[in-house]
Amino acid sequence: MTAARLLRMTTSPSLLPLLGGLAPDAFMKRYWHKRPLLIRQAIPGFSAPLSREALFALAAQDDVESRLITHARKRWQLDHGPFDADDLPPLTRKQWTLLVQGVNLHAPAVDALMQQFRFIPDARLDDVMISYATDGGGVGPHLDSYDVFLLQAHGKRRWRIGPQRDTTWLEDVPLRILKNFEAEEEWVLEPGDMLYLPPGYAHDGVAEGECMTYSIGFRAPLEQEMLQNFLYYLAENAADLPFARHFAGRYADPKQPAVKHPAALPDAMIDTLISQLERVRWGQKEVEDFLGRWLSEPKSHVFFDPPEKPLSTSRFVHEVSARGLTLSPKTQLLYRRNRYFVNGEPLEVPVTARSTLRTLADQRELNAVECANFEQKDQEIVEILYDWYASGWLLLGPDAKGVRKLRAVRKKAG
């Protein structure tokens, strides 16, 4: 059996067209984080929801991460954005690629597309990157440290993949390109086709003519990265954690004798610190608090746009009761049992508000019916949601453009 299995679309309503007829549970069990999967026409009749011109306009913004990769005369070059139109090579030039990160944060239609992948925990989601390439464009054979769905949106791209064992990189190039890449399988993907790859599976995608590929990426943090950030969390919040009571004093050495070697570290000081560190304890609550904050923290270049003229609280309640509300694409709302985390901050949630916030977190929106009578039900939920609205963390009404695009995508997918 080949490393990636080609599946045919089915019309069973109990299955997800996006996964080639596989139910999400079956996909997660057989393929997720294990082996590749090629799906022809994951979204039949799919066309890129973002034009080339709109993508280039995003690449010119200061708050959008973008990279330009060119390959000519066997030389690789990498430049970082933002890029004005004059900074990009002519469309007639071959072998260049523009990578734009986090497009889902700026394009409602792309965010709506990403919502179809929410059978995977939000805590794993990274972003949607769009790769625009002219003929022959690509980033060379490489390995990714995350799970990724590669959805062809425009034109054609030839993919070669293989379980690379030799991870020697090319020297003196600005990209991590495999020196001795060996492909085991090869396909040309057309609009609507999608390739899933687990972390560490080598792949090389080359444009055949002008093309755009959407990469829906899911973070797989290094264990060392998680440990380091957890230790930072412990240090930053030490005063509020249970073991803080053991560190209320100051180092003292009343039994320190005179020494002949003053430059030597004192045994007493070392022993005291070891003894103190053995008192540092954490449990599930601290781990949950750390992960909730860390995984919901916006990236450094993400900025929210508060409304220029915020509505009054009473007018806000009236509007959401009539129109509903939607989380900003930039907002990450996570929960664990009865604890909630939004954009890197822990949230104290009254019992009466927990059900509403859980629905909002899972659906990323509340319709008008769900928002009706907020003020009569619980003033605290009104205060929470109004504060988020005033901060630009949520929007009034449904994301109309995104909803329409999502409906169109679903209709094409059957």
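Residues numbered from 1 in each chain as written. Predicted model: local features only at pLDDT ≥ 70, side-chain atom pairs only at ≥ 80, totals over all residues. Heavy atoms only, no water.

A word on helix H4 (residues 223-236)
Logical step 1: The first and last C-alpha atoms of H4 sit 20 Å apart over 14 residues, in line with the 20 Å expected at 1.5 Å per residue.
Logical step 2: Residues of H4 that are buried include every one of Phe230, Tyr233 and Leu234, and no others. Buried residues of H4, viewed axially, fall in a sector of 100°; they line one side. In H4, those exposed residues whose orientation departs by more than 90 degrees from the buried face are Gln224, Tyr232, Ala235 and Glu236.
Logical step 3: Looking at the packing, one finds that the buried side of H4 touches helix H6 (284-296). (Helix = DSSP H or I, 4+ residues; strand = E, 2+ residues; numbered from the N terminus. Expected span 1.5 Å × (residues − 1). Buried < 20%, exposed > 50% of the residue type's maximum accessible area, 1.4 Å probe, protein only. Arc of directions from axis to C-beta. Contact = heavy atoms within 4.5 Å.)

Regarding the nonpolar core
Logical step 1: Phe27, Leu50, Leu98, Val103, Phe149, Tyr214 and Ile216 are the most contacted members of the largest nonpolar core, which totals 44 residues.
Logical step 2: Beyond its immediate sequence surroundings of up to four residues, Leu50 is in contact with Leu55, Leu58, Val103, Ala107, Val110, Ile130, Met212 and Tyr214.
Logical step 3: Core analysis: the second largest hydrophobic core is formed by 28 residues, Phe316, Leu366, Val382 and Tyr386 among them. (Core = buried A, V, L, I, M, F, W, Y, C linked by side-chain atoms within 4.5 Å.)

Regarding the UniProt feature "domain: JmjC" (unreviewed entry) in the chain
Logical step 1: Mapped onto the present numbering, the UniProt feature "domain: JmjC" (unreviewed entry) falls on residues 109-235.
Logical step 2: Between the first and last C-alpha atoms of residues 109-235 the distance is 41 Å; the span itself is 15% helix and 40% strand. (UniProt positions renumbered as here; feature names shortened; annotations may be inferred.)

Regarding the environment of Ala57
Logical step 1: Checked against the element boundaries, Ala57 lands in helix H2 (residues 52-59).
Logical step 2: Residues Ala57 and Met212, 155 residues apart in the sequence, show an inter-C-alpha distance of 15 Å.

What to know about the sheet that holds strand E14 (residues 345-347)
Logical step 1: Strand order in the open sheet formed by three strands is E12-E13-E14, with antiparallel pairing between adjacent strands. With partners counted over all chains shown, the strands left at the sheet margins are strand E12 (333-336) and E14, one partner each. The average undirected angle you get between the axes of adjacent strands in this sheet is 30°.
Logical step 2: Pairing between strand E13 (residues 339-342) and E14: three bridges, direction antiparallel. (Pairing = 2+ DSSP bridges. Axes fitted to C-alpha atoms, helices over the stretch in contact; angles between N-to-C directions.)

Comments concerning the pairing of E12
Logical step 1: Taken together, the four bridges between E12 and E13 define a ladder with antiparallel strand orientation. Counted as the bridge partner of Leu333 is Val342 from E13.

Some points on the pattern of salt bridges
Logical step 1: The tally for this structure, following the rule as stated, stands at 19 salt bridges.
Logical step 2: The partner of Arg40 in a salt bridge is Asp193, and the shortest N-O contact between them spans 2.9 Å. Within this pair, whereas Arg40 is found in the loop between strand E2 (37-39) and H2, its partner Asp193 is found in the loop between strand E8 (185-189) and strand E9 (194-197), the two being separated by 153 residues in sequence.
Logical step 3: With a relative accessible area of 27%, Arg40 lands in the partly exposed category.
Logical step 4: Look at the salt bridges and you will find they share partners, linking Arg52, Glu53 and Glu210 into a network. (Salt bridge = Lys/Arg side-chain N within 4 Å of Asp/Glu carboxyl O.)

Here's the deal with the confidence of the model for the chain
Logical step 1: Summary statistics for the chain give a mean pLDDT of 89 and a share of 92% for residues scoring 70 or more.
Logical step 2: Here residues 1-15 is modelled with pLDDT under 50, and outside its nearest four sequence neighbours on either side it reaches 38 contacts, counting other chains as well.
Logical step 3: Throughout residues 399-410 the model reports pLDDT below 50, and contacts reaching past four residues in sequence, or to other chains, amount to 16 contacts. (pLDDT = per-residue confidence, 0-100.)

Concerning unusual backbone geometry
Logical step 1: Between Gly81 and Pro82 the backbone carries a cis peptide bond, its omega angle lying at 10°.
Logical step 2: Phi at His33 is positive, roughly 65°, even though this residue is not glycine.
Logical step 3: By the element assignment, His33 lies in the loop between helix H1 (24-30) and E2.
Logical step 4: Residue classification places His33 among the partly exposed residues on the basis of a relative accessible area of 42%.
Logical step 5: Unusually for a residue other than glycine, Gln41 sits at a positive phi of about 55°.
Logical step 6: Assessed through its relative accessible area of 27%, Gln41 is described here as partly exposed.

Regarding a nonpolar patch on the surface
Logical step 1: On the surface, Leu265, Ile270 and Ile274 cluster together into a nonpolar patch covering about 300 Å² of accessible area.
Logical step 2: Its location among the elements puts Ile274 in helix H5 (residues 267-277).
Logical step 3: According to the relative accessible area criterion, Ile274 is partly exposed, its value standing at 44%. (Patch = residues over 30% accessible without salt bridge, like charges linked within 9 Å, V, L, I, M, F, W, Y side chains within 5 Å. Areas by Shrake-Rupley, 256 points an atom, 1.4 Å probe, with all protein chains shown as cover.)

A short note on the packing of aromatic side chains
Logical step 1: Tallied over the full model, the rule gives 26 aromatic pairs.
Logical step 2: Where Phe149 meets Tyr196, the ring centres are 5.1 Å apart and the plane angle is 45°; that geometry is what we call tilted. Placement of the pair is Phe149 in strand E7 (residues 147-162) and Tyr196 in strand E9, with a sequence separation of 47 residues. Summarising the burial analysis for this pair, Phe149 and Tyr196 share the class buried.
Logical step 3: Arranged with centres 6.0 Å apart and planes meeting at 50°, the rings of Phe304 and Trp393 form a pair that is tilted. Residue Phe304 is located in the loop between H6 and helix H7 (313-323), and its partner Trp393 is located in the loop between helix H11 (379-391) and strand E16 (394-396); the two are separated by 89 residues in the primary sequence.
Logical step 4: Linked through ring pairs, Phe27, Tyr31, Trp32, Phe117, Phe119, Phe149, Tyr196 and Phe218 together constitute an aromatic cluster.
Logical step 5: The side chain of Arg219 reaches across the aromatic face of Trp294, ending 5.2 Å from its centre. (Phe/Tyr/Trp six-rings, centres within 6.5 Å; stacked < 30°, edge-to-face > 60°. Lys NZ or Arg CZ within 6 Å of the ring centre and 35° of its normal.)

Section: the side chain of Thr213
Logical step 1: Relative to the assigned elements, Thr213 resides in strand E10 (residues 202-218).
Logical step 2: Only 2.9 Å separates the side chain of Thr213 from the side chain of Gln152, close enough to count as a polar contact.
Logical step 3: Side chain to side chain, Thr213 and Arg157 meet in a polar contact 2.8 Å long.
Logical step 4: Residues contacting Thr213, with those up to four places away along its chain left out, are Met129, Ile130, Ser131, Leu150, Leu151, Gln152, Ala153, Arg157 and Trp159. (Polar contact = N/O pair within 3.5 Å; in protein donor to acceptor, adjacent residues only side chain to side chain.)

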